[in-house]
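Spelled out from the first residue to the last, the chains are:
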Amino acid sequence: PALRDTALRRVQEFKTWFDSQGDFAFYASSLLFAYDTEKKDVCRMGLIDFANVEATKSKAEDLTGIATACETLVRVMASLKPFSPAAR
């Protein structure tokens, strides 16, 4: 649960940043999630694949759908139940 919680926090932080910026639209970009096997409760996340970035003058010009994708990802991650090996 701790790893999921930190991943969820990272997505929420990214969405907050994305919602506040209106300078760029990121088309066909990806979120990369990574964790360290030594620190299993810490998730790192970054935006990758900047091949199709466009400068925008306002948020209305951004037609990427990233905000909707982040909302969906937050909803799905929040609904995940903890893994239980006995439930196999």
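Bear in mind the structure is a predicted one, so any value in this text is a computation, not a measurement.

S.K.: Explain the packing of helix α1 (residues 2–20) against helix α2 (residues 66–79) here, please?
M.R.: A pair of packed helices is characterised by two quantities: the angle between their axes and the separation of those axes. Relative orientation of the contacting elements α1 and α2 amounts to 160°, with a least axis distance of 10 Å. Judged by the inter-axis angle, α1 sits roughly antiparallel to α2. Crossing of α1 against α2: the hand is left-handed. Here Arg4, Ala7, Leu8, Val11, Gln12, Phe14, Lys15, Phe18 and Asp19 of α1 lie close against α2, whose contacting residues are Ile66, Ala67, Cys70, Glu71, Leu73, Val74, Met77 and Ala78. Residue composition of the contact of α1 with α2, by class: 12 nonpolar, one polar and four charged.

S.K.: Explain the state of the cysteines to me, please; I cannot follow it from the model alone.
M.R.: By definition, a disulfide is the covalent link that joins the sulfur atoms of two cysteine residues. With the rule as written, the count across this model stands at zero disulfides. Not part of a disulfide, Cys43 finds its nearest cysteine sulfur in Cys70, a span of 13 Å. The class for Cys43 is buried, based on a relative accessible area of 4%.

S.K.: Can you walk me through a nonpolar patch on the surface in this structure?
M.R.: A cluster of nonpolar side chains, Phe24, Phe50 and Val53, forms an exposed patch at the surface whose accessible area comes to about 270 Å². Checked against the element boundaries, Phe50 lands in the loop between β3 (43–48) and β4 (52–55). For Phe50, a relative accessible area of 48% gives the class partly exposed.

S.K.: How should the side chain of Gln21 be read in this particular structure?
M.R.: Among the secondary structure elements, Gln21 is positioned in the loop between α1 and β1 (24–27). Excluding anything up to four places from it in sequence, Gln21 contacts Phe26 and Lys59.

S.K.: What's the story with the environment of Ala69 in this structure? I'm lost.
M.R.: The residue Ala69 is located in helix α2 in this model. In this structure the C-alpha to C-alpha distance between Ala69 and Lys15, which are 54 residues apart in sequence, comes to 9.4 Å.

Procedures and definitions
- Residues numbered from 1 in each chain as written.
- Predicted model: local features only at pLDDT ≥ 70, side-chain atom pairs only at ≥ 80, totals over all residues.
- Heavy atoms only, no water.
- Axes fitted to C-alpha atoms, helices over the stretch in contact; angles between N-to-C directions.
- Helix = DSSP H or I, 4+ residues; strand = E, 2+ residues; numbered from the N terminus.
- Parallel < 35°, antiparallel > 145°, perpendicular 65-115°, else oblique.
- Left-handed = near helix turned anticlockwise from the far one by under 90°.
- Contact = heavy atoms within 4.5 Å.
- Nonpolar A, V, L, I, M, F, W, Y, C, P; charged D, E, K, R; others polar.
- Disulfide = S-S within 2.5 Å.
- Buried < 20%, exposed > 50% of the residue type's maximum accessible area, 1.4 Å probe, protein only.
- Patch = residues over 30% accessible without salt bridge, like charges linked within 9 Å, V, L, I, M, F, W, Y side chains within 5 Å.
- Areas by Shrake-Rupley, 256 points an atom, 1.4 Å probe, with all protein chains shown as cover.
- Salt bridge = Lys/Arg side-chain N within 4 Å of Asp/Glu carboxyl O.

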